[in-house]
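Now for the letters of each chain:
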Amino acid sequence: MILQASGVTMRFGGLLAVDQVDLTVDAGEIVGLIGPNGAGKTTFFNCLTGLYRPTEGEVRFRGAVLPPRPTRVTRAGIATTFQNIRLFPTMTVLENVMIGRHCRTRQGLLSALVRGPGYRRTEREAARVSRELLEFVGIEAAAGTLARNLPYGDQRRLEIARALATEPGLLLLDEPTAGMNPRETQAARELVLRIRGRGIAVVVIEHDMRFVFGLCDRIAVLVQGRKLLEGTRAEMQADERVIEAYLGAPVEKGA
Ligand SMILES: Nc1ncnc2c1ncn2[C@@H]1O[C@H](COP(=O)(O)OP(=O)(O)OP(=O)(O)O)[C@@H](O)[C@H]1O
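Given the structure is predicted, the values throughout are model-derived calculations rather than measurements.

## Here we look at the domain arrangement of the chain
Thinking step 1. Domain annotation for the chain reports domain 1 (1–77 + 168–255) and domain 2 (88–167).
Thinking step 2. Using only C-alpha atoms to locate each centre, domain 1 and domain 2 end up separated by 26 Å.
Thinking step 3. Roughly 1,500 Å² is buried in total at the junction of domain 1 and domain 2, and carbon and sulfur atoms are behind 63% of that figure.
Thinking step 4. At the junction of domain 1 and domain 2, the tally comes to zero salt bridges.
Thinking step 5. At the boundary of domain 1 with domain 2, the tally comes to three residue pairs in polar contact (both at pLDDT 80 or more).
Thinking step 6. Among the elements that line the side of domain 1 that touches domain 2, the one with the most residues is helix α7 (residues 182–197), at five residues.
Thinking step 7. Its residues assigned to classes, the side of domain 1 that touches domain 2 comprises ten nonpolar, four polar and six charged.

## A few points about the packing of helix α3 (residues 93–101) against helix α5 (residues 117–137)
Thinking step 1. Interaxial distance between α3 and α5 falls to 9 Å at its minimum, and their mutual angle equals 115°. Looking at the two axes, α3 sits roughly perpendicular to α5. The two elements α3 and α5 cross, and the hand of that crossing is right-handed. Judged by residue contacts, V93, L94, V97, M98 and R101 of α3 engage E123, A126, A127, V129, S130, R131, L133 and L134 from α5.
Thinking step 2. A per-class count over the contact of α3 with α5 returns nine nonpolar, one polar and three charged.

## Re the site of the ligand
Thinking step 1. What surrounds the ligand is a group of 15 residues, the closest being G38, G40, K41, T42 and T43.
Thinking step 2. At a separation of 2.9 Å, an oxygen atom of the ligand approaches a polar backbone atom of G40.
Thinking step 3. In the model, an oxygen atom of the ligand is placed 2.5 Å from a nitrogen or oxygen of the T43 side chain.
Thinking step 4. If the ligand stood free it would expose 630 Å²; the protein chains cover 64% of that surface.
Thinking step 5. Of all the secondary structure elements, the ones that give two or more residues to the shell around the ligand are β2 (15–25) and α1 (41–48).
Thinking step 6. Per element, the largest residue contribution to the shell around the ligand is three residues, and it comes from α1.
Thinking step 7. Looking at the shell around the ligand residue by residue, the class counts come to six nonpolar, seven polar and two charged.

Conventions and cut-offs
- Residues numbered from 1 in each chain as written.
- Predicted model: local features only at pLDDT ≥ 70, side-chain atom pairs only at ≥ 80, totals over all residues.
- Heavy atoms only, no water.
- Domains from an automatic or database assignment.
- Buried area = accessible area lost by both parts, 1.4 Å probe.
- Salt bridge = Lys/Arg side-chain N within 4 Å of Asp/Glu carboxyl O.
- Polar contact = N/O pair within 3.5 Å; in protein donor to acceptor, adjacent residues only side chain to side chain.
- Helix = DSSP H or I, 4+ residues; strand = E, 2+ residues; numbered from the N terminus.
- Nonpolar A, V, L, I, M, F, W, Y, C, P; charged D, E, K, R; others polar.
- Axes fitted to C-alpha atoms, helices over the stretch in contact; angles between N-to-C directions.
- Parallel < 35°, antiparallel > 145°, perpendicular 65-115°, else oblique.
- Left-handed = near helix turned anticlockwise from the far one by under 90°.
- Contact = heavy atoms within 4.5 Å.
- Near = heavy atom within 4 Å.
- Areas by Shrake-Rupley, 256 points an atom, 1.4 Å probe, with all protein chains shown as cover.

Below you can see the structure in the form of structure tokens.
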């Protein structure tokens, strides 16, 4: 087990956004988090990234309680992409990925200022790894393009490349297919499967049920901050409540 969230609760004043949620994720597993708007999915994610400290409960990653700051959580091995793309628009595609690399290549300030041989070697290595990741997500041809000039689907790929540059054991994806056309969505599914192929576990928030049921090993449903249901893909596809609320009609196996 790589992630263990126990009794995670998040209050904003009088609002109980996440209520006693338990979730475990095994190494290399793909877990889907679904639920209506405002169910608390993003808030729960924020509790896994160190952005929020849960009001109650705890999150363990590789056995250790999460450190209280996002940068330290990233270094511990949890990477995130956001619902609203957050790239550095006036930097190149390659530079955006290299920023993700920096959490693994801690160069001293002095070394960076004088740009000595150690700094240049580290930068060269960061550029090499970053180019490999651009190739892995399929946008290496755009390495020198400004991030803001990338098509939307490719911006999402770039976010994923930057997240992978931090060498995560767990990748959190918040609505990775939002705004994508069907072809891009299919490519995103294949990309997530290849990410898992690298041994990285993935938790994905998604509204596209076809995507979720075509991808995830296990699915949890949040409603009004609580985990209402959880099960394997097959269990969920057979559950009357899921069918009624999300699917309308049974989904074909492996659809
Ligand atoms: N920082 C905050 N301060 C106060 N209330 C918040 C904050 N963040 C979220 N909320 C509230 O918490 C509840 C859960 O929101 P959250 O964004 O986690 O839901 P969600 O399931 O991710 O929804 P969506 O599918 O629309 O992204 C909502 O009622 C929201 O208004």
